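# Close look at the chain arrangement
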Amino acid sequence: MKVLVINAGSSSLKYQLYNMMDESVLASGRVERIGMDSSIVTHEPADKPEVKNVSEILEHTTAVRRVLDLLTDAKHGVISSINEIHAVGHRVVHGGETFKQSALVTNDVKVEIRKLFDLAPLHNPAHMMGILAVEENMPDIPQVVVFDTAFHQTMPQQSYLYAIPMVLYRRHKVRRYGFHGTSHAYVSDQAAKFLNKPLESLSMVSCHIGNGASCTAIKDGKSFDTSMGMTPLEGLMMGTRSGDLDPAVVPYVMNKEDLSVSEVNSMLNKHSGLQAISGLSSDMREITDAMNEGDKNAKLAFDMYTYRIRKYVGAYAAAMNGLDTIIFTAGVGENSVVLRKAVCEGLTFLGVELDEERNSERSKVTRRISTDSSRITVLVVPTNEELLIARDTYAIIRESSDYN
Ligand code: ADP
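Parameters at a glance
- Residues numbered from 1 in each chain as written.
- Predicted model: local features only at pLDDT ≥ 70, side-chain atom pairs only at ≥ 80, totals over all residues.
- Heavy atoms only, no water.
- Helix = DSSP H or I, 4+ residues; strand = E, 2+ residues; numbered from the N terminus.
- Buried < 20%, exposed > 50% of the residue type's maximum accessible area, 1.4 Å probe, protein only.
- Polar contact = N/O pair within 3.5 Å; in protein donor to acceptor, adjacent residues only side chain to side chain.
- Pairing = 2+ DSSP bridges.
- Contact = heavy atoms within 4.5 Å.
- Axes fitted to C-alpha atoms, helices over the stretch in contact; angles between N-to-C directions.
- UniProt positions renumbered as here; feature names shortened; annotations may be inferred.

### Focus on unusual backbone geometry
In this model, K173 sits at a positive phi of 60°, which is unusual for a non-glycine residue. Tracing the backbone shows K173 in the loop between α5 (166–172) and α6 (181–195). Of note, the phi angle at H180 is positive, near 55°, even though the residue is not glycine. As for its position among the elements, H180 is in the loop between α5 and α6. Using a relative accessible area of 11% as the deciding quantity, one classes H180 as buried.

### Here's the deal with the side chain of S400
Its location among the elements puts S400 in the segment after α15 (385–399). Reaching out from S400, the side chain makes a polar contact with the backbone oxygen of I397 at a distance of 3.4 Å.

### Overview of the sheet that holds strand β12 (residues 325–329)
Taken together, 6 strands build an open sheet; the order of strands is β11-β10-β9-β12-β14-β13 and the sheet is mixed. The open sheet is flanked by β11 (222–226) and β13 (367–368), the only strands paired with a single partner. With respect to the sheet, α6 is in contact with β9 (204–209), β10 (213–219), β12, β13 and β14 (377–380), its orientation differing from that of β9 by roughly 130°.

### Section: the UniProt feature "active site" (unreviewed entry) in the protein chain
Listed under "active site" (unreviewed entry) in the UniProt record, and renumbered for this structure, are D148. With respect to the helices and strands, the residue D148 is situated in the loop between β8 (143–147) and α4 (157–160). Residue classification places D148 among the buried residues on the basis of a relative accessible area of 2%. In this structure D148 touches R91, V92, V93, G178, F179, H180, G181 and T182, once residues within four positions along its chain are discounted. In this structure the side chain of D148 is engaged in a polar contact, spanning 2.6 Å, whose partner is the side chain of R91.

Set out below in structure tokens:
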């Protein structure tokens, strides 16, 4: 049983082929610069050398065909025919209130995803292109959609409503949806397995700290609150996103600087966060390197960034009336020793005791970085959103009568 996982962007398409018998990755890769001059395909079979080629790929259907050609290629391939692929799972950013879990792609599901284009104009149309491209190349293969928002659909109203006129929620569905749900779901499940405790018995805060960053409060095994909002802009300070700010800043700055809606959107999403405060970079490695060399702006950016994470962990501990486990995951959360130290140092009042030696260990597996006597367990859990997409896809097609 093999499942192809696809993450389609507007000009890129990433893929992984899983063997679900042992959940191993047979091959992975990406197509970049779709629709531009020279598209680049990078294909990485598990047991063979990487292949990279440059050619013209004008749209997603050709991109998927190229991926299928490489997967079945006599020299670089890992399967002998596309018939060996039993299902395709797609990452879809926004499932709105419609999708509370992953779904088999049907005509009705496609209609619903289209209705959500307004809520995620940069992402959902690109995912739809991916779905249609697979349909054209492999018309008989079942497809499943897995949503970044679905895990957060369990949030109570008090967490997801904004205190603005209710008519905006009723008419336009303005509310908190939250993102990174696949990651928060995966790492919380891994954490419970690692601790050998039922997921439902733990109150956790999961900190997904990558280019985009969000904290989620997980209570009774479900998302209870999360820092990203109607869009991924809300909450933590990020690489280039501002995170929380007084909404009155927006009209004020638009007025003073004569900015349009799209300009202010771009300022808050692409020119803020670590990048804006450090004046250097959105990459945490460069920030910490500069900080170590005495750069004051880098230090300020780092302090603001870690302070905001600490504030959310504290707020969620109060929101859940308790906290057992803190999880760090994603590029920064899994790799930055200094970031984890800075966050945890301010949480001693809650009973967080970091073990410096454990925190400094470099490893790619789930591990405890708090001391054995720490009242709150702090874990680093490597995330794997693609594996969760593959698992959901596998589970759904096994259940679906279409497949039997
Ligand atoms: P995305 O949100 O794009 O999925 P990732 O989770 O891959 O992002 O995280 C990417 C970020 O991880 C990079 O911008 C970089 O700042 C950070 N990162 C990667 N390795 C390290 C490291 N060793 N130390 C600190 N930060 C790191």
